[in-house]
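# Notes for the structure review
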Amino acid sequence: NCTVTGTADSKTINGQNAYGFAVTNNGSITQCYVTGNIAIQGTDVAVGFVGTNSGSILNCGVYGETAYDNIIISAPKAYGFVATNNNTTGLAYAIKNVGTVTGQEEAAGFAGTSNGLITLSYANTIVSANSSSNKKAVGFVLSSPAINGSPSVTMCYSAGSVQAYTVYGFMNTGNAEQCYTIAD
């Protein structure tokens, strides 16, 4: 078990590419959390949990511990949980309580691209991207192609609001099964 925690005064993670927990996962991450008042701000990319997952992530999350905590993820490209998922992510959540994922170019509540399996996961956040043309925001994942003909996203949902020039409630392109969105 492991936790990155922001205090009542807030914790800020800054950089060209800013990650709440790790840049890359090639192994297994289980029961780990980014929690509290945290601002993750990148000049290129900002991600709530892991930049690239090539291992497995199970039962992990990004969340505010109380209704007063706020998670802010902001960059030109911003993702609530993982930027690129190449293997398995399950029982995970991006921003359980109040929080925002804001991208000037693109933003996704949970993942940017998933070339692996995402299952039993959710994003509950405000997602927004710049309102000019060709800027997009999506409640869950931007792109998630099928894996060997099977859906790559199963039993997941997104909740909250999505705001941008181009809006997708759950997914921009890809293949999902037993998933849904609840939008404000």
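Let me begin by describing the structure that accompanies this report. Computed from a predicted model, the values in this text were never measured in an experiment.

### So, the overall build of the protein chain
Within the protein chain one finds zero helices and 25 strands. A globule of 184 residues ought to have a C-alpha radius of gyration of about 16 Å, and the protein chain, at 14 Å, matches this closely. Its C-alpha atoms give the protein chain principal-axis dimensions of roughly 45 × 40 × 30 Å. Long-range contacts, defined here as pairs at least 24 residues apart, represent 77% of the contacts in the protein chain between residues at least 6 apart. On the protein chain, roughly 7700 Å² of surface is accessible, and the fraction owed to carbon and sulfur atoms is 47%.

### What about the pairing of strand E10 (residues 71-79)?
The pairing of strand E6 (residues 38-47) with E10 spans seven bridges and is parallel. When the bridges of E10 are listed, Ile40 appears paired with Ile73.

### A short note on the environment of Leu58
Along the chain, the position of Leu58 falls in strand E8 (residues 56-58). Separated by 35 residues in the primary sequence, Leu58 and Tyr93 have C-alpha atoms spaced 10.0 Å apart. Those residues in contact with Leu58, other than ones at most four positions away along the chain, are Ile29, Thr30, Gln31 and Gly90.

### Digging into the pairing of E6
With respect to burial, E6 is a largely interior element, seven of its ten residues being buried. The sheet contact formed by strand E2 (residues 11-19) and E6 spans eight bridges and is parallel. Note that in E6 the partner of Ala18 across the bridge is Ala46.

### Here's the deal with the side chain of Ser144
You can see Ser144 is positioned in strand E19 (residues 141-144). Classification of Ser144 by relative accessible area gives buried; the value is 0%. Here the side chain of Ser144 touches Ser114 through a polar contact of 3.4 Å, landing on its backbone oxygen. Those residues in contact with Ser144, other than ones at most four positions away along the chain, are Ser114, Ser152, Val153, Met171, Thr173, Gly174 and Asn175.

Cut-offs used in this document
Residues numbered from 1 in each chain as written. Predicted model: local features only at pLDDT ≥ 70, side-chain atom pairs only at ≥ 80, totals over all residues. Heavy atoms only, no water. Helix = DSSP H or I, 4+ residues; strand = E, 2+ residues; numbered from the N terminus. Rg over C-alpha atoms; globule rule 2.2 N^0.38 Å. Contact = heavy atoms within 4.5 Å. Areas by Shrake-Rupley, 256 points an atom, 1.4 Å probe, with all protein chains shown as cover. Pairing = 2+ DSSP bridges. Buried < 20%, exposed > 50% of the residue type's maximum accessible area, 1.4 Å probe, protein only. Polar contact = N/O pair within 3.5 Å; in protein donor to acceptor, adjacent residues only side chain to side chain.

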